[in-house]
Amino acid sequence: MATALRCVRHVPSLLYRSWCGAVRRLPQAPAGCPASLLDGCGQRVQLVLLARQLATKKAKGKGQAPAKVNISAALVEDIINLEETNEDMQAVIEALKEDFSRNLSVRTSPGALDHIIVMTRDGKFPLNQLGQISQKSPQLIVVNMTNFPESTAAAAKAIRESGMNLNPEVDGTIIRVPIPKVTREHRESLARLAKQSTNKSKEALRKVRSKSVNQVKKFKSKVSEDTIWLLEKQIQQMTDSAASEMDKLLAAKTKELLG
């Protein structure tokens, strides 16, 4: 108890000397103060100072680009795992890249049909789990539905409504899919699909953001308002950065599709 009280007496001097830390290193631990207690104090001092610096920049820099936050994940790991948030956002970006690569090519390939979702009586399934997909010629893809003949009509419907400008022809349990010529209209249709996919990915990104912000808000009664504000700002920056990367991917894909 006496040791803790002795440490508390040093907090004002820590705050003062931590402010000076902008030009000098943070202060050394007072003699006899437990490292765990001092570490916690130092972390909170850093967060407070960062909030004040950002508030000052905001006041001085009206009309300029907003000041950026860069919080060490270790400082706030008891509140939120920022590294996990970043990983979740990167996963959304990678999924968009995979969608662009697999489904949005000027030249239709058998792989482009693999993950078309088919609505059956037993639920939703990717087309490649229901039928055998093969390319018979440069102009024709065939889907063999022998293993699930009852889903043939549903599979043909899913192919037709995939937005890939495909018109399947059903012959018993065989679905023939003529590959359309690459027209300007087809290219523009793919570009629209790329835009739609990007918008869906941004919705997923916003869900990651909302989940993270809600996690931070659970600690409103336990940490300072400055800490909450800093974390929300950091999460928003991460979201904006991920959205910007998606916009770049979309721009590159649109250029590729439209030629």
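If you look the protein chain up in an unreviewed UniProt entry, it shows as Ribosome-recycling factor, mitochondrial from Cuculus canorus. Recorded in UniProt for the protein chain, the comment headed Subcellular location (unreviewed entry) runs: "Mitochondrion".

Chemist: Can you tell me about the nonpolar core, naming the residues and giving the values?
Modeler: Of all hydrophobic cores here, the largest spans 31 residues; its most connected members are Leu82 and Leu231. Of all the secondary structure elements, the ones that give two or more residues to this core are helix H4 (82-103), helix H8 (184-217) and helix H9 (225-258). Take this core: its biggest share by element is ten residues, from H9. Listed in part, the 19 residues of the second largest apolar core include Ala112, Leu130, Ala155 and Val177.

Chemist: Would you mind going over the sheet that holds strand S3 (residues 132-137) in detail, with residue names and values included?
Modeler: Reading across the sheet, the four strands line up as S3-S4-S6-S5 and stay open at both edges, with antiparallel pairing between neighbours. Each of the sheet's edge strands pairs with one partner strand only, and the pair in question is S3 and strand S5 (169-171). Strand-to-strand, the axes of this sheet are offset by a mean angle of 25°, without reference to chain direction. Bridge analysis of strand S4 (residues 140-144) against strand S6 (residues 174-178) gives five bridges, and the strand direction is antiparallel.

Chemist: Quick rundown of the layout of surface pockets? Include the residues and the values.
Modeler: Volume-wise, the largest pocket comes out at about 590 Å³. Broken down by class, the residue content of the lining of the largest pocket amounts to eleven nonpolar, seven polar and five charged. Split by domain, the residues of the lining of the largest pocket number at least three in each of domain 1 (73-104 + 183-258) and domain 2 (110-178).

Chemist: Report on helix H7 (residues 152-160), specifying residues and quantitative values.
Modeler: Along H7, the positions that sit buried rather than exposed are Thr152, Ala155, Ala156, Ala158 and Ile159. Projected down its long axis, H7 carries its buried residues within an arc of 160°, all on one side. Where H7 is buried, its residues meet helix H5 (110-113), strand S1 (117-120), helix H6 (127-130), S4, S5 and S6.

Chemist: Now, about the pairing of S4: what can you tell me, with residues and values included?
Modeler: Note: S3 against S4, five bridges, orientation antiparallel. Bridge assignment links isoleucine 133 to a residue of S4, and that residue is valine 143. The turn joining S3 and S4, which pair antiparallel and follow one another in sequence, is formed by two residues.

Chemist: Requested: an account of the side chain of lysine 202, with residues and values cited.
Modeler: For lysine 202, the location among the structural elements is in helix H8. Once you skip the residues sitting within four places of it in the chain, lysine 202 turns out to touch Ala243, Met246 and Asp247.

Chemist: Please give an account of the pattern of salt bridges that cites residues and values.
Modeler: Summed over all chains, the structure comprises six salt bridges. Among the ionic pairs, glutamate 94 bridges to lysine 97, the shortest N-O distance being 3.4 Å. On the criterion of helical spacing, the pair formed by glutamate 94 and lysine 97 is a turn pair, its members being three residues apart in helix H4. Its relative accessible area of 42% is what places glutamate 94 among the partly exposed residues.

Chemist: Quick rundown of H9? Include the residues and the values.
Modeler: Between the first and last C-alpha of H9 there are 49 Å, a value that for 34 residues agrees with the 50 Å anticipated at 1.5 Å per step. Looking one or two places after H9, you find glycine 259, whose phi comes out positive at around 70°.

Chemist: Describe in detail a negative patch on the surface, supporting the description with residues and values.
Modeler: Together, Glu77, Asp78, Glu83, Glu84, Glu87 and Asp88 make up a negatively charged patch on the protein surface. With respect to the element layout, aspartate 88 can be found in helix H4.

Chemist: Give me the pairing of strand S2 (residues 123-126): which residues, what numbers.
Modeler: As judged from the four bridges shared by S1 and S2, these two strands associate in the antiparallel manner. Across the sheet, the residue bridging to valine 118 is phenylalanine 125, located in S2.

Chemist: How would you summarise the packing of H8 against H9 if you had to cite specific residues and measurements?
Modeler: The geometry of H8 relative to H9 is characterised by a closest axis approach of 10 Å and an angle of 170° between their N-to-C directions. Relative to H9, H8 is oriented roughly antiparallel.

Chemist: Talk me through the side chain of threonine 152; I want residue IDs and the actual numbers.
Modeler: With respect to the helices and strands, threonine 152 occurs in helix H7. Once residues lying within four places of it in the same chain are set aside, the contact partners of threonine 152 are Met145, Val170, Gly172, Thr173 and Ile175.

Chemist: Please give an account of the confidence of the model for the protein chain that cites residues and values.
Modeler: For the protein chain, per-residue confidence averages 79 on the pLDDT scale, and 71% of positions sit at 70 or higher. Ignoring residues within four places in sequence, the model shows residues 1-29, a span with pLDDT below 50, making 23 contacts including any to other chains.

Calculation notes
- Residues numbered from 1 in each chain as written.
- Predicted model: local features only at pLDDT ≥ 70, side-chain atom pairs only at ≥ 80, totals over all residues.
- Heavy atoms only, no water.
- UniProt positions renumbered as here; feature names shortened; annotations may be inferred.
- Core = buried A, V, L, I, M, F, W, Y, C linked by side-chain atoms within 4.5 Å.
- Buried < 20%, exposed > 50% of the residue type's maximum accessible area, 1.4 Å probe, protein only.
- Helix = DSSP H or I, 4+ residues; strand = E, 2+ residues; numbered from the N terminus.
- Pairing = 2+ DSSP bridges.
- Axes fitted to C-alpha atoms, helices over the stretch in contact; angles between N-to-C directions.
- 1 Å grid on protein atoms, 1.4 Å probe; cavity = no way out; pocket = protein on both sides within 12 Å on 5 of 7 lines; lining within 4 Å.
- Points joined across faces, edges and corners; volume = space filled by probe spheres on them.
- Nonpolar A, V, L, I, M, F, W, Y, C, P; charged D, E, K, R; others polar.
- Domains from an automatic or database assignment.
- Arc of directions from axis to C-beta.
- Contact = heavy atoms within 4.5 Å.
- Salt bridge = Lys/Arg side-chain N within 4 Å of Asp/Glu carboxyl O.
- Expected span 1.5 Å × (residues − 1).
- Patch = residues over 30% accessible without salt bridge, like charges linked within 9 Å, V, L, I, M, F, W, Y side chains within 5 Å.
- Areas by Shrake-Rupley, 256 points an atom, 1.4 Å probe, with all protein chains shown as cover.
- Lys, Arg positive; Asp, Glu negative; His and termini not counted.
- Charge placed at Lys NZ, Arg CZ, Asp CG, Glu CD.
- Parallel < 35°, antiparallel > 145°, perpendicular 65-115°, else oblique.
- pLDDT = per-residue confidence, 0-100.

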